[in-house]
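# Notes for the structure review
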Protein chains: 2
Amino acid sequence: MIEAMSKLRNEAPIGVFDSGLGGLTVLRALAARLPREDFVYLGDTARVPYGTRTVQTVLNYSHACARVLRDNRIKMLVVACHTVSACALDALAAELFVPSIGAIVPGTRAGLAVSLNKRLGVIATAGTLRSGAYLRAVGELDRTAQVFIEAAPLLVPMVEEGWLDREATRLTARAYLEPLAKSDVDALVLGSTHYSLLMPLIADELAALSGKAVPVIDSAPAIAEEVATTLESRQLATARDDPGKLRIIFTDMPDDFGPANRFLGKDLAQLSVSAVDV
Amino acid sequence: MIEAMSKLRNEAPIGVFDSGLGGLTVLRALAARLPREDFVYLGDTARVPYGTRTVQTVLNYSHACARVLRDNRIKMLVVACHTVSACALDALAAELFVPSIGAIVPGTRAGLAVSLNKRLGVIATAGTLRSGAYLRAVGELDRTAQVFIEAAPLLVPMVEEGWLDREATRLTARAYLEPLAKSDVDALVLGSTHYSLLMPLIADELAALSGKAVPVIDSAPAIAEEVATTLESRQLATARDDPGKLRIIFTDMPDDFGPANRFLGKDLAQLSVSAVDV
């Protein structure tokens with residue numbers, strides 16, 4: 001009986017929660033790393049962005065979304081949104097009562113691993129910056145490391161517009177990266193899912209400002225690795241051998257899948273996509 | 001008795017509804033034009049921006065905000081947000097049962113008044129563009145006029161960041177204005193409250209692209225004029241002689257009044273500012 005329940009549990013989907021579309025970059029990394037697992041992605045597109053809101057409002061919205069995730073009987077929660085990870089991960093984990101992995105710690109760990117002088121740079125939304133989550137994560141992982149963090153809010157809508165290699169985007173990135181280069185950071189963590197799509201541009205600009213190549217860390221593969229390890233250690237991996245399924249739920253159905261397709265790297269029209277009211 | 005009720009009604013505040021902070025530019029114009037009236041401003045900062053959402057979601061949010069406006073017993077509604085004006089003005093007017101003025105018609109009328117060849121340009125959010133509201137307004141006001149409309153979404157967050165005269169902002173505005181200049185528009189209506197703060201930059205860029213000065217219309221003073229006329233014709237003006245009061249309500253209290261102060265042109269810390277859950 002217990003074994004049957006455990007098997008049932010192992011075949012449940014992994015929930016991926018994001019404030020909007022950016023977390024689809026994380027879903028992409030997860031599906032590549034764990035191709036036999038089922039995933040349910042919930043994007044709160046009706047209320048995105050979270051990065052500019054107060055902690056209380058992010059908690060309220062996350063709480064409303066938790067209901068949808070619970071209805072989907074997920075076996076594990078991945079919070080792809082850095083802002084939610086920064087201020088609501090513990091609340092969500094307590095509410096859903098499943099192993100929960102956020103975006104802050106995996107990215108920070110990967111950044112520290114490649115930082116020689118332990119001068120870690122981070123760009124993030126205003127909400128993530130204010131939360132102090134990166135400072136706490138670095139403090140827990142390596143007390144000798146220093147962290148330098150800048151809010152880079154405009155890069156989010158620029159990615160949503162698909163302006164991935166425009167001069168305006170380049171100038172905007174440069175303005176945000178300048179103080180980090182001056183602080184001589186030797187690794188940069190991208191503290192918002194959106195920034196992943198600007199990886200080449202950001203790496204170029206930071207190298208030009210720093211006078212040397214500086215490794216730039218996308219949290220998505222680091223999160224996927226941590227999820228894989230946790231599935232293993234908690235004995236939660238699926239036993240199935242066939243390819244897993246992706247299901248996408250939005251709180252406001254996009255009129256146009258173009259931006260979502262860019263984040264996911266495949267066409268959403270081929271997947272199960274539905275809308276839910278929260 | 002009827003006279004007493006009517007007097008009571010005339011001393012009620014005018015409600016100004018916006019999706020966020022941008023409508024404070026309209027409140028500023030209203031307070032300047034009607035200095036003896038009381039105003040209650042409701043900004044749905046917990047769910048801004050509306051411009052990227054579907055019509056159904058904008059209707060849901062507007063409906064929730066209508067409750068707050070009704071509790072404040074307003075005598076007239078001004079919808080400062082162009083997206084709400086484009087798709088929820090009629091629903092709000094029916095629900096609140098007070099004279100209601102939106103942002104689309106006054107700005108369009110002011111644009112047509114200065115357009116010599118009736119080739120009207122408009123920049124707006126994606127939601128306002130999709131709604132077709134400017135096409136309808138021009139069709140109703142002057143059937144001989146042509147309208148050319150471009151979505152200019154990135155200018156909204158750039159204004160919120162206070163990037164009012166940056167090179168990145170200039171390049172972004174240029175990209176959006178280029179097709180309008182090619183269409184030889186002879187007046188440009190700013191179809192989002194945020195754009196008002198970019199008036200000089202937009203006028204410069206449009207003139208450079210067009211090879212001549214093209215009048216640029218901020219809807220805020222046009223809205224204020226229409227409100228003044230309606231107060232008069234409906235006999236709704238206050239009888240008081242002392243200066244009116246401004247009250248500001250947000251659905252998510254900003255951590256920093258800087259952006260709001262830029263929109264209003266005065267310090268919110270001097271006013272009555274409160275938060276409400278919707």
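Presented here is a report on the structure given in the accompanying data block. (Residues numbered from 1 in each chain as written. Chains lettered and ligands numbered in written order. Predicted model: local features only at pLDDT ≥ 70, side-chain atom pairs only at ≥ 80, totals over all residues. Heavy atoms only, no water.)

### Examining the layout of surface pockets
Residue and element names in this part refer to chain A. Of the volumes computed, that of the second largest pocket is approximately 450 Å³. Together, 20 residues line the second largest pocket, and Ser85, Leu89, Asp90, Gly102 and Val105 are the ones closest to its centre. Each residue belonging to the lining of the second largest pocket can be placed in one class, and the counts come to 13 nonpolar, three polar and four charged. (1 Å grid on protein atoms, 1.4 Å probe; cavity = no way out; pocket = protein on both sides within 12 Å on 5 of 7 lines; lining within 4 Å. Points joined across faces, edges and corners; volume = space filled by probe spheres on them. Nonpolar A, V, L, I, M, F, W, Y, C, P; charged D, E, K, R; others polar.)

### Topic: the relation of the copies chain A and chain B
Superposition record for chain A on chain B: RMSD 0.0 Å, screw rotation 180°, translation along axis 0.0 Å. As the rotation angle and translation indicate, the two copies are arranged about a two-fold axis. Across chain A, the rotation axis passes nearest the C-alpha of A:Ala168, at a separation of 2.2 Å. (Least-squares fit on C-alpha atoms with pLDDT ≥ 70 in both.)

### A closer look at the sheet that holds strand 8 (residues 216-218) of chain A
Residues and elements named next belong to chain A. Read from one edge to the other, the open sheet built from four strands follows the order 6-5-7-8, with strand pairing classed as parallel. Unpaired on one side and paired on the other, strand 6 (146-151) and strand 8 mark the two borders of the sheet. For this sheet, the mean inter-axis angle between neighbouring strands, taken without regard to orientation, is 25°. The pairing of strand 5 (residues 119-124) with strand 7 (residues 187-191) spans five bridges and is parallel. (Pairing = 2+ DSSP bridges. Helix = DSSP H or I, 4+ residues; strand = E, 2+ residues; numbered from the N terminus. Axes fitted to C-alpha atoms, helices over the stretch in contact; angles between N-to-C directions.)

### Let's talk about the packing of helix 3 (residues 55-71) of chain A against helix 5 (residues 89-96) of chain A
Residues and elements named next belong to chain A. Contact geometry of helix 3 with helix 5 gives a least axis separation of 10 Å together with a crossing angle of 30°. Put simply, helix 3 runs roughly parallel to helix 5. The handedness of the crossing between helix 3 and helix 5 comes out as right-handed. Together, Leu59, Ser62, His63, Ala66, Leu69 and Arg70 of helix 3 and Ala91, Leu92, Glu95 and Leu96 of helix 5 make up the contact between the two elements. (Parallel < 35°, antiparallel > 145°, perpendicular 65-115°, else oblique. Left-handed = near helix turned anticlockwise from the far one by under 90°. Contact = heavy atoms within 4.5 Å.)

### Thoughts on the packing of aromatic side chains
All names here are of chain A. Applying the stated criterion across every chain, the model contains six aromatic pairs over all chains. Ring centres of tyrosine 50 and tyrosine 61 lie 5.7 Å apart, and the angle between their planes is 50°; this geometry places the pair in the tilted category. Residue tyrosine 50 is found in the loop between strand 2 (39-43) and helix 3, and its partner tyrosine 61 is found in helix 3; the two are separated by eleven residues along the sequence. An identical accessibility class is assigned to tyrosine 50 and tyrosine 61; each is buried. (Phe/Tyr/Trp six-rings, centres within 6.5 Å; stacked < 30°, edge-to-face > 60°. Buried < 20%, exposed > 50% of the residue type's maximum accessible area, 1.4 Å probe, protein only.)

### Focus on the sheet that holds strand 9 (residues 246-250) of chain A
Adjacent strands of a sheet form backbone hydrogen bonds with each other and so pair up, either parallel or antiparallel. All names here are of chain A. Read from one edge to the other, the open sheet built from six strands follows the order 4-3-1-2-9-10, with strand pairing classed as parallel. On the outer flanks of this sheet lie strand 4 (100-101) and strand 10 (272-275), each paired with one strand and no other. With four bridges joining them, strand 9 and strand 10 adopt parallel strand pairing. If you follow phenylalanine 250 over to strand 10, its bridge partner there is alanine 275. Running at roughly 175° to strand 2, helix 2 (residues 24-33) makes contact with strand 1 (14-18), strand 2, strand 3 (76-79) and strand 9 of the sheet.

### What about the side chain of A:Thr54?
With respect to the helices, strands and loops of the structure, A:Thr54 is situated in the loop between strand 2 and helix 3. Since its relative accessible area comes to 15%, A:Thr54 is described here as buried. A distance of 2.4 Å separates a polar atom in the side chain of A:Thr54 from a polar atom in the side chain of B:Asp252. Residues within four places of A:Thr54 in sequence aside, it is in contact with B:Asp252, B:Met253 and B:Asp255. (Polar contact = N/O pair within 3.5 Å; in protein donor to acceptor, adjacent residues only side chain to side chain.)

### Some points on the nonpolar core
In terms of nonpolar packing, the biggest core is built from 112 residues, with A:Ile202 and B:Ile202 touching the most fellow members. Excluding residues that lie within four positions of it along the chain, B:Ile202 makes contacts with B:Ile123, B:Leu155, B:Leu177, B:Leu188, B:Leu190, B:Tyr195 and B:Val216. (Core = buried A, V, L, I, M, F, W, Y, C linked by side-chain atoms within 4.5 Å.)

### Considering the packing of helix 6 (residues 104-114) of chain A against helix 12 (residues 219-233) of chain A
Residue and element names in this part refer to chain A. Contact pair helix 6 / helix 12: the axes reach a minimum separation of 8 Å and the direction vectors enclose 110°. Between helix 6 and helix 12, the interaxial angle falls into the category roughly perpendicular. Here Pro106, Gly107, Arg109 and Ala110 of helix 6 come into contact with helix 12, specifically with Ser219, Ala222, Ile223 and Glu226. Taken together, the residues that form the contact of helix 6 with helix 12 break down as four nonpolar, two polar and two charged.

### Describing the interface of chain A and chain B
Counting from both sides, the interface comprises 26 residues of chain A and, opposite them, 26 residues of chain B. When chain A packs against chain B, the two sides together hide about 2100 Å² of surface, and 57% of this comes from carbon and sulfur. Looking only at chain A, the three residues that lose the most surface to chain B are A:Arg53, A:Leu154 and A:Asp252, adding up to 23% of its buried area. If you look at where chain A meets chain B, you find two salt bridges. One salt bridge in this structure joins A:Asp255 and B:Arg130, with 3.0 Å as the shortest N-O distance. Secondary structure elements with two or more residues in the side of chain A that touches chain B: helix 3, helix 9 (155-160) and helix 10 (167-182) of chain A. The biggest single contributor to the side of chain A that touches chain B is helix 10 of chain A, with six residues. Of the residues in the side of chain A that touches chain B, the class split is 14 nonpolar, four polar and eight charged. (Buried area = accessible area lost by both parts, 1.4 Å probe. Salt bridge = Lys/Arg side-chain N within 4 Å of Asp/Glu carboxyl O.)

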